[in-house]
Amino acid sequence: MDKTKLRSIGGSVALAGVASIVLALIGFNLRILMWIDMWGDGVGWAIRAAIVVIGGAIFAAASFIGQDEHAPAHGD
């Protein structure tokens, strides 16, 4: 899997987590994430936070895949 696709997946997962947080605050939820509140509010919020963190970690990790530490960055 190339790093562009992996960054896209990580960004999408993080965005879904953020959308779930925002929608939960106004009393709604994404249909695909409705299972989150099955175990209660506290666990639901922990799962939402974990989704954002995991998505962000995938996005960030994809930035480092295939980079040689001695090679200049793309913008340099």
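Residues numbered from 1 in each chain as written. Predicted model: local features only at pLDDT ≥ 70, side-chain atom pairs only at ≥ 80, totals over all residues. Heavy atoms only, no water.

Draft legend 1. Expanded view of helix α1 (residues 3–25). Here α1 contains 23 residues, and its C-alpha end-to-end distance of 33 Å stays within 8% of the 33 Å for a straight helix at 1.5 Å per residue. Its buried side turned inward, α1 meets α2 (41–64). (Helix = DSSP H or I, 4+ residues; strand = E, 2+ residues; numbered from the N terminus. Expected span 1.5 Å × (residues − 1). Contact = heavy atoms within 4.5 Å.)

Draft legend 2. Region of the structure containing the packing of α1 against α2. In contact at an axis separation of 7 Å, α1 and α2 are set at 155° when each is read in the N-to-C sense. When the axis of α1 is compared with that of α2, the two are roughly antiparallel. The handedness of the crossing between α1 and α2 is left-handed. Its residues placed into classes, the contact of α1 with α2 shows 13 nonpolar, seven polar and three charged. (Axes fitted to C-alpha atoms, helices over the stretch in contact; angles between N-to-C directions. Parallel < 35°, antiparallel > 145°, perpendicular 65-115°, else oblique. Left-handed = near helix turned anticlockwise from the far one by under 90°. Nonpolar A, V, L, I, M, F, W, Y, C, P; charged D, E, K, R; others polar.)

Draft legend 3. Fine view of α2. In this model, α2 (24 residues) spans 35 Å end to end at C-alpha, consistent with the 34 Å of a helix rising 1.5 Å per residue. By the burial criterion, the buried members of α2 are Gly 44, Ile 47, Arg 48, Ile 51, Gly 55, Ala 62 and Ser 63. Buried residues in α2 make contact with α1. (Buried < 20%, exposed > 50% of the residue type's maximum accessible area, 1.4 Å probe, protein only.)

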